[in-house]
Amino acid sequence: MKIAWLSSWPPRPCGIATYSQELITALSKAQNDIHVICHPDGGRPGEKNVYPVMNTELPGWDEAVYDKIQKINPDIVHIQHEYGLYQTSADHASGLFRLLFRLQAQGRYPAVITYHSVYSRLSPMIRLYMDVTQRLVQAGIVHAEYQWMNLHANLGRIVNNVYVIPHGAAAGVSITKTQAKKKLGVEGKLVLGMLGWFTQSKGFDRVLEIWDDLAEELDDKTVLVLAGDARRGDPNQIDYKKKLLNLVEQCAHRDRIKIVQGSFTPEEYNSIMAAFDLMVMPYTFVSQSGNLAHSFALGVPAVVSGLEGLKAEAEASGAAVPVSPGDREELKQAILMIMGNAALR
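Residues numbered from 1 in each chain as written. Predicted model: local features only at pLDDT ≥ 70, side-chain atom pairs only at ≥ 80, totals over all residues. Heavy atoms only, no water.

Trainee: Just to check I follow, could you spell out empty space enclosed by the protein for this structure?
Mentor: Picture a little ball the size of a water molecule; that probe, rolled over the atoms, points out where space is still empty. Summed over the entire model, instances satisfying the criterion amount to one cavity of 30 Å³ or more. Size it by volume and the largest cavity reaches roughly 40 Å³. Taken together, Arg206, Pro282, Ser305, Val323, Ser324, Pro325, Gly326, Asp327, Arg328 and Leu331 form the lining of the largest cavity. Taken together, the residues of the lining of the largest cavity break down into four nonpolar, three polar and three charged. (1 Å grid on protein atoms, 1.4 Å probe; cavity = no way out; pocket = protein on both sides within 12 Å on 5 of 7 lines; lining within 4 Å. Points joined across faces, edges and corners; volume = space filled by probe spheres on them. Nonpolar A, V, L, I, M, F, W, Y, C, P; charged D, E, K, R; others polar.)

Pasting the structure below:
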């Protein structure tokens, strides 16, 4: 099957870019011919079947995308959807409607869309957006059962062309925990880890604020790793990064905190996570998480906020412990329980 794939793409530092790269690698092994249409910061010189023509800073970006789809002449168009990927100025990513309408009206290329941000309660804007997009595509994909169940109530109609496909992650990562710890510089340590973009919704400050209490009760070989960075040009993330670094400096046990700053390649990301004995995801707002899917693939247990898809995946897998959002004592006790018991790791 020939597929035109709309998405962000490496080297853009973006979770959906990594998601697409891993999924396309797997689909290509099943004899699919996949052509990626991405933003100008995606793709490397000479990279085959990658077309960085989706410049959403230009109002007519959908014209360039449709022209490329015609040249590819695919059997199907698959769109990875996150609002920020298709937004021009403050148009709420509505430019995508023009492309979808054209695909539907001309009837040459069926379209599938994978939604990466779907919540149990949708705002009026998102309800309208999803109602329109689902009328213009042949199929929609969500990654969690609760997203599918709540979509019907949110849209006020039975949506019969949305399907649940669980979030995946690359299998067969060829690095052992010992190798990963050595590479990260924490050889011989027990590693409690947090990984991801420094956005306030990640809640990393919650763990830093209880780190001294944790350090007092945990083995003195235990270290906390904070890995990630703020996106360039994002003032909210830059401010949150400053807050996190200030909290580290205020910790009495800051000598047992390792900060790894950067935006990571998929290989670097997997290597860092593989070094964790426990990952903490004290998020304040989320629909689902690629981090959690990758922790499952790497055999790293997690403590997660009991929100939306995190709670559902934790309970279904048995590989993570959900805690009440905002309950610091429950968060602390869950971390102590798993870090203090090798059988649980």
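Trainee: Help me out: how do you make sense of the packing of helix α9 (residues 266–274) against helix α10 (residues 290–298) in this one?
Mentor: Contact pair α9 / α10: the axes reach a minimum separation of 10 Å and the direction vectors enclose 65 degrees. It follows that α9 is roughly perpendicular to α10 by the angle criterion. Every pair of crossing elements has a handedness; the one defined by α9 and α10 is right-handed. Contacts between α9 and α10 involve Tyr269, Asn270, Met273 and Ala274 on the former and, on the latter, Gly290, Asn291, His294, Ser295 and Leu298. For the contact of α9 with α10, a count of residues per class yields four nonpolar, five polar and no charged. (Axes fitted to C-alpha atoms, helices over the stretch in contact; angles between N-to-C directions. Helix = DSSP H or I, 4+ residues; strand = E, 2+ residues; numbered from the N terminus. Parallel < 35°, antiparallel > 145°, perpendicular 65-115°, else oblique. Left-handed = near helix turned anticlockwise from the far one by under 90°. Contact = heavy atoms within 4.5 Å.)

Trainee: Quick question: what am I supposed to make of helix α8 (residues 235–250) here?
Mentor: Every α-helical turn comprises 3.6 residues, leaving residues that sit three or four positions apart pointing alike. Taking 1.5 Å of rise per residue, 16 residues should cover 22 Å, and α8 covers 23 Å from first to last C-alpha, within 8% of that figure. Residues Gln237, Tyr240, Lys241, Leu244, Leu247 and Val248 constitute the buried set of α8. Take α8 and look down its axis: the buried residues cluster within an arc of 125 degrees, on one side only. Exposed side chains of α8 directed beyond 90 degrees from the buried face belong to Pro235, Lys242, Glu249 and Gln250. Buried residues belonging to α8 abut α7 (204–217), β9 (222–228) and β10 (257–261). Backbone nitrogen of Asn236 and a side-chain oxygen of the N-cap are separated by 3.1 Å at the start of α8; the cap is Asp234. (Expected span 1.5 Å × (residues − 1). Buried < 20%, exposed > 50% of the residue type's maximum accessible area, 1.4 Å probe, protein only. Arc of directions from axis to C-beta. Polar contact = N/O pair within 3.5 Å; in protein donor to acceptor, adjacent residues only side chain to side chain.)

Trainee: I tried to follow the nonpolar core on my own but got confused; where do I start?
Mentor: Burial of nonpolar side chains together is a common tendency in soluble globular proteins. Within the largest apolar cluster, 58 residues are counted, with the highest numbers of intra-cluster contacts made by Leu192, Leu208, Trp211, Phe276 and Ile335. For this core, the element with the most residues is α7, which contributes seven residues. In this view, Phe276 contacts Lys177, Val191, Gly193, Met194, Leu195, Val225 and Val300; residues no more than four positions away in its chain are not counted. Counting residues in hydrophobic clusters, the runner-up holds 39 residues, among them Ile69, Ala93, Leu96 and Tyr119. (Core = buried A, V, L, I, M, F, W, Y, C linked by side-chain atoms within 4.5 Å.)

Trainee: Sorry if this is basic, but what is going on with the sheet that holds strand β11 (residues 278–281) here?
Mentor: Strands belonging to one sheet form pairs held by backbone hydrogen bonds; the direction of such a pair is parallel or antiparallel. Taken in spatial order, the six strands line up as β10-β9-β8-β11-β12-β13 in an open sheet, and their pairing is parallel. Looking at which strands have only one partner, the edges of the open sheet turn out to be β10 and β13 (320–323). In this sheet, adjacent strand axes meet at a mean angle of 20 degrees when their direction is disregarded. When β11 meets strand β12 (residues 302–305), the two strands line up parallel, connected through three bridges. Within β12, the position partnered with Met279 by the bridge is Ala302. Packing of α7 onto the sheet brings it into contact with β8 (190–195), β9, β10, β11 and β12, and relative to β9 it is tilted by some 165 degrees. Packing of α8 onto the sheet brings it into contact with β9 and β10, and relative to β10 it is tilted by some 155 degrees. (Pairing = 2+ DSSP bridges.)

Trainee: Help me understand the pairing of β8 in this model?
Mentor: Consecutive side chains of a regular strand alternate in pointing toward one face of the sheet and then the other. Where burial is concerned, most of β8 is hidden: six out of the six residues are buried. Judged by which residues are buried, β8 turns out to be covered on both faces: Leu190, Leu192 and Met194 on one side and Val191, Gly193 and Leu195 on the other are all buried. One ladder, built from six bridges, connects β8 with β9; its direction is parallel. The residue of β9 that forms the bridge with Gly193 is Val225.

Keep in mind these values describe shape, not function.
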